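A closer look at the structure
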Amino acid sequence: MKLKKIAKHVGALGIACGLTIASFSAAAADTIKVGVLHSLSGTMAISETTLKDTMLMLIEEQNKKGGLLGKKLEAVVVDPASNWPLFAEKTRELLTKDKVAAIFGCWTSVSRKSVLPVIEELNGVLFYPVQYEGEESSRNVFYTGAAPNQQAIPAVDYLMKEMKVKRWVLAGTDYVYPRTTNKILEAYLMAKGVAKEDIMINYTPFGHSDWQNIVSDIKRFGSAGKKTAVVSTINGDANVPFYRELGNQKVTAEDIPVVAFSVGEEELSGIDTKPLVGHLAAWNYFMSEDNTANAAFIKQWKAFIKNPKRVTNDPMEAHYIGFNMWVKAVEKAGTTDTDKVVDAIIGVEAPNLTGGISKMLPNHHITKPVLIGEIQEDGQFLTVSQTDGLVPGDAWSDYLEGSKDLESDWIKLKCGNYNTKTKKCLGAAAQ
């Protein structure tokens, strides 16, 4: 009798457990998981933590609208900790274990390059929100930050035309984005007639803190009687001591202007900006943009983050655009299936925060305005130059041999690096 009773209770327990597991599985199936892959620790946390919070805000807002395809969105946040191989491991985990429908993440190009083979192998989707060096177009990646023709080249053009710059310091962090961007800029400058001896190139490691000698070298290079500027691709928390040392050595914007590609409102919020007034940054969005959409976004951000002093910046806007494009593509496809979403998103339009409408192009880049801004005492930017319309992102540089003949089109050509001379697709190995 006792054995029968025990068996009966065990059976009942098994049924109850089975029902609980089934209920949990059903509940899990009722959400669409979204991966958030940004460094919350390490040298890049200064820039990336804000992007994690931006994604949580966007997902919360979408859920208030009813979610997506009748389901709530669920954020799956991981911390790759500014560790480039860990980005790849976390990506694999998000796609295989968590079964996310899309990943929004990365800042540095080395982190994106680490993720790329995994995202392609497992056929995931990555939305990459930061300016980068180009020279890449993957079927599984959507590049919502600026390509060089949407930031670096226009910035140099502005310095040449408006500030009559003749000597150039290309200063960057030592990894793929600064090195490739500077390779493009060096070729562009020389094509414009700049002599090689009028170009100084310097690289420093991530987290570099001792800038005294380098800033002294920059001052010395700029004392040759020709107008000199610094084009900065310095990334992460190294920017804080770099700008501090500029102030210490009294390098003003009138003497040697600095135009930065990785310094925005968030980075400036941690330093005294008074010595930096007049130095420049090139982006596709500034918090100071005066329009209804941007005002609403800033209000939403400050309410979400519960801090009226927090700022907005360009990569946040890129996530705003990319997330809204993904939502529209999923609604258009009627599914989160990668292949169908990748096809559906081409041509999708979404508002940007400068008052225009951005479009996803067949090369997986978007249309963006280009803004040049001057640093103000309050850590904001005053826009001093803006393109008349939106500039389409170009995956391949017109100024590098081996790249200028390449075209990316994932609709007509089904290729990210089609050689227009040989009429052949080079394939993934060449990206």
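That block above? That's the structure.
Please read all numbers here as calculations on a predicted model, not as lab measurements. (Residues numbered from 1 in each chain as written. Predicted model: local features only at pLDDT ≥ 70, side-chain atom pairs only at ≥ 80, totals over all residues. Heavy atoms only, no water.)

Focus on the overall build of the chain
Looking only at helices and strands, one finds 12 helices and 19 strands in the chain. Rg of the C-alpha trace for the chain: 24 Å, near the compact-globule value of 22 Å for 431 residues, within the 12% margin. With 431 residues in all, the chain has 55% of them scored as buried. Considering only contacts in the chain between residues 6 or more positions apart, those separated by 24 or more positions represent 66%. (Helix = DSSP H or I, 4+ residues; strand = E, 2+ residues; numbered from the N terminus. Rg over C-alpha atoms; globule rule 2.2 N^0.38 Å. Buried < 20%, exposed > 50% of the residue type's maximum accessible area, 1.4 Å probe, protein only. Contact = heavy atoms within 4.5 Å.)

Examining the sheet that holds strand S2 (residues 72–78)
The parallel open sheet is built from five strands, whose spatial order is S2-S1-S3-S4-S5. Each of the sheet's edge strands pairs with one partner strand only, and the pair in question is S2 and strand S5 (141–143). Taken over all neighbouring pairs, the strand axes of this sheet differ in orientation by 25° on average, direction set aside. Of the strands in this sheet, strand S1 (31–37), S2 and strand S3 (102–105) touch helix H2 (residues 45–64), which is tilted by about 165° from S2. Packing of helix H11 (residues 314–333) onto the sheet brings it into contact with S1, S2, S3 and strand S4 (126–128), and relative to S3 it is tilted by some 175°. (Pairing = 2+ DSSP bridges. Axes fitted to C-alpha atoms, helices over the stretch in contact; angles between N-to-C directions.)

Things to note about the pairing of strand S8 (residues 228–233)
Taken across its six residues, S8 has six buried, putting it largely inside the fold. Both faces of S8 are covered, namely the face carrying Thr 228, Val 230 and Ser 232 and the face carrying Ala 229, Val 231 and Thr 233. The pairing of strand S6 (residues 167–173) with S8 spans six bridges and is classified as parallel. Its bridge partner lying in S8, Arg 167 is registered against Thr 228. Bridge analysis of S8 against strand S9 (residues 258–260) gives three bridges, and the strand direction is parallel. Among the inter-strand pairings, Ser 232 is bridged to a residue of S9, identified as Ala 260. In this region the chain leaves S8, passes through helix H8 (residues 239–248) and returns to the parallel neighbour S9; the handedness of that crossover is right-handed. (Right-handed = clockwise from strand over helix to strand, strands pointing away.)

Some points on the state of the cysteines
Per the counting criterion, the structure on display carries one disulfide. Here Cys 415 connects covalently by a disulfide to Cys 425, the sulfurs 2.1 Å from one another. As the torsion about the S-S bond is roughly 90°, the Cys 415-Cys 425 disulfide counts as right-handed. Remark: Cys 425 occurs in strand S19 (residues 424–425) and Cys 415 occurs in strand S18 (residues 415–419); sequence separation between them is 10 residues. Under the relative-accessibility criterion, Cys 425 is labelled partly exposed at 42%. (Disulfide = S-S within 2.5 Å.)

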